[in-house]
Amino acid sequence: MATVVLFHHVQGLTVGILDFADELRAAGHVVYTPDLFEGRTFTKLEGGMEYAKSLGFGTILDRGMQAGEKFPSDSVYAGFSMGVMPAQKLVQTRPGARGALFFHSAIPLDEFGGAWPKGVPLQIHTMEHDEMGDVEVAQQLVKEVPGTELYLYPGNRHLFTDSSLPEYDDPAAALVKSRALRFLAEKS
């Protein structure tokens, strides 16, 4: 059993994110889902982006760091799109991470200090033609972080793993969950 700290995307802690977390829990993992938007969710990406900009991405990152530090340091840190920011920063700056799962996004290592902790596994999932999916950054992380698993899925949808959004792609999301569960089982 792994402990997972799972950060939501810019549309908030949606039903789809909670369902994803519940599927991980059903496999025996302990999953925490901090709400960086204090209960606000958005039906459209644009609404979430406007709200995030009004808060400031620095504030969102600070909220994520504060939330993440409440949980065991030997957690697997995971994030969906915007949620990759606090997940990645926690991995890079808080000793003890067991792994990282990034969905729909990746951030250059130098954003949070330039180094990835030795021996901390990373798995990244995004669609190959997602303009917001940071495919080039993910490919760079493969070169910089030994053993990184990068999975590119056919298509151009961004938040395709969130079952509560129109972008949802059931076959691709099922494959993501299967791979993420295998990754977590290895961290148990």
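Just so we're clear, the structure is a prediction, and the values are computed from it rather than from any experiment.

(A) Geometry of the layout of surface pockets. Empty space within the largest pocket amounts to approximately 200 Å³. Taken together, V10, L45, M49, F57, S81, M82, M85, H104, S105, I107, M132 and D134 form the lining of the largest pocket. Looking at the lining of the largest pocket, its residues break down into eight nonpolar, three polar and one charged.

(B) Representation of the packing of helix α2 (residues 45-55) against helix α3 (residues 57-68) within the structure. Direction vectors running N to C along α2 and α3 enclose 85°, while the axes themselves pass 5 Å from each other. In terms of their interaxial angle, α2 and α3 are classed as roughly perpendicular. Across from M49, Y51, A52, K53 and L55 in α2, the residues of α3 making contact are F57, T59, I60 and R63. Its residues assigned to classes, the contact of α2 with α3 comprises six nonpolar, one polar and two charged.

(C) Focus on the sheet that holds strand β3 (residues 76-80). Spatially, β2-β1-β3-β4-β5-β6 is the arrangement adopted by the six strands of the open sheet, whose pairing is parallel. The open sheet terminates on both sides in strands that have one partner only, identified here as β2 (30-32) and β6 (149-153). Neighbouring strand axes in the sheet, compared pairwise and without regard to direction, differ in orientation by 15° on average. In this sheet, strand β4 (residues 99-103) lies alongside β3 in parallel orientation, the contact comprising five bridges.

Here is what the cut-offs are and how they apply
In every chain, residue numbers begin from 1 and rise along the written sequence. The predicted origin of the model limits local features to residues at a pLDDT of at least 70 and limits the giving and counting of side-chain atom pairs to 80 or more, whereas totals for whole chains, interfaces and linings rest on all residues. Excluding hydrogens and water, the side-chain values take into account all heavy atoms of the structure. Whether a set of points on the 1 Å grid over the protein atoms alone is a cavity depends on a 1.4 Å probe fitting there but being unable to get out, while an open set qualifies as a pocket with protein on both sides within 12 Å along at least five of seven lines; lining residues are those with an atom within 4 Å of a point. Grid points are joined across faces, edges and corners, and a volume is the space filled by probe spheres set on the points. Any residue that is not Ala, Val, Leu, Ile, Met, Phe, Trp, Tyr, Cys, Pro, Asp, Glu, Lys or Arg is counted as polar, Gly included; the first ten are nonpolar and the last four charged. Every axis in this analysis is a line fitted to C-alpha atoms, fitted for helices over the stretch in contact. Angles between the N-to-C directions lie between 0 and 180 degrees. Only DSSP runs of H or I covering at least 4 residues are called helices, and only runs of E covering at least 2 are called strands; the numbering of each starts at the N terminus. Our angle categories are set so that under 35 degrees counts as roughly parallel, over 145 as roughly antiparallel, 65 to 115 as roughly perpendicular, and the remainder as oblique. Only heavy atoms matter for contacts: two residues are in contact if any of them lie within 4.5 Å across the pair. Any two strands are treated as partners once DSSP identifies two or more bridges connecting them.

Honestly, that's just the spatial picture; any functional story needs more than this.
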